[in-house]
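Here is how the chains run, residue by residue.
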Amino acid sequence: MAIAFLSAKRSKDPNRQVGACLVSQNGIILGIGYNGFPRGCSDDQLPWAKMSKSGDPLETKYPYVCHAEVNAILNTNHASAAGQRLYVTMFPCNECAKIIIQNAVRCLRSHIFYRKKTEYSTAYVASHKLLSMAGVEVRKHQPQMDQILLKFMEL
Ligand SMILES: O=c1ccn([C@H]2C[C@H](O)[C@@H](COP(=O)(O)O)O2)c(=O)[nH]1
Ligand SMILES: [Zn+2]
């Protein structure tokens, strides 16, 4: 989970940085991801806005951004995500849930388990429903410590 948190720090989304880390059954890191625009699609040419003044959805980030969970699965250095565990900083949306299931990820550990009622309720209710139906073992992550401090000068 700490790696997922660190990965989230790389996101350029000004409102929400999400991180994900896929590990094998014995805890070997296989893929890491954060929310960002697809490779080759410049942050300078695409918007990070949540809403546009004109009301045009194409002037918001939503049609363009790749979700952290999808990036972690796609970035995997292993042929298959089958049987593996995905750590996420935020509960995945329904679109990510579909990809998690279709890639046969077996366990999900989420730092934020339930979203506020006002936030994307349909997507997150559907996500919980799909993951449960598909038998993905989903749990809230229980951290063993409150924080990890990185001091680069100490190495
Ligand atoms: O499953 C998910 C859901 C969302 N994200 C990313 C996509 C966006 O960059 C942000 C959400 O932005 P809001 O401003 O909170 O709408 O989170 C993700 O990576 N995975
Ligand atoms: Zn998603």
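Just so it is clear, the structure is predicted and the values come from calculations on it, not from any experiment. (Residues numbered from 1 in each chain as written. Chains lettered and ligands numbered in written order. Predicted model: local features only at pLDDT ≥ 70, side-chain atom pairs only at ≥ 80, totals over all residues.)

Asker: How would you explain the site of ligand 1 if you had to name every residue and give the values?
Answerer: As a matter of local geometry, ligand 1 sits amid 14 residues, with Asn 15, Val 18, Asn 35, His 67 and Cys 93 nearest to it. Class assignment for the residues of the shell around ligand 1 results in 6 nonpolar, 3 polar and 5 charged. (Near = placed C-beta within 6 Å. Nonpolar A, V, L, I, M, F, W, Y, C, P; charged D, E, K, R; others polar.)

Asker: Tell me what's going on with the environment of Pro 38, and back it up with residues and numbers.
Answerer: Following the sequence through the fold, Pro 38 ends up in the loop between strand E2 (29–34) and helix H2 (68–74). Remark: the alpha-carbon pair of Pro 38 and Cys 66, spanning 28 residues in sequence, is separated by 6.2 Å. (Helix = DSSP H or I, 4+ residues; strand = E, 2+ residues; numbered from the N terminus.)

Asker: Pulling in residues and values, what's your account of the UniProt feature "binding site: Zn(2+)" (unreviewed entry) in the protein chain?
Answerer: UniProt records the feature "binding site: Zn(2+)" (unreviewed entry) at His 67, Cys 93 and Cys 96, using the numbering of this structure. These annotated residues cover 30 residues of sequence, but their C-alpha atoms sit close together, with the largest distance between any two at 8.9 Å. Relative to the helices and strands, Cys 93 is located in the loop between strand E3 (85–90) and helix H3 (94–102). Cys 93 sits in the partly exposed class, given 19 other C-beta atoms within 10 Å. In this structure, Cys 96 sits in helix H3. For Cys 96, a count of 26 C-beta atoms within 10 Å gives the class buried. Non-local contacts of Cys 96, meaning those with residues more than four positions away in its chain, are made with His 67, Glu 69 and Val 70. (UniProt positions renumbered as here; feature names shortened; annotations may be inferred. Buried ≥ 20, exposed ≤ 12 C-beta atoms within 10 Å, placed from the backbone. Contact = placed C-beta atoms within 7 Å.)

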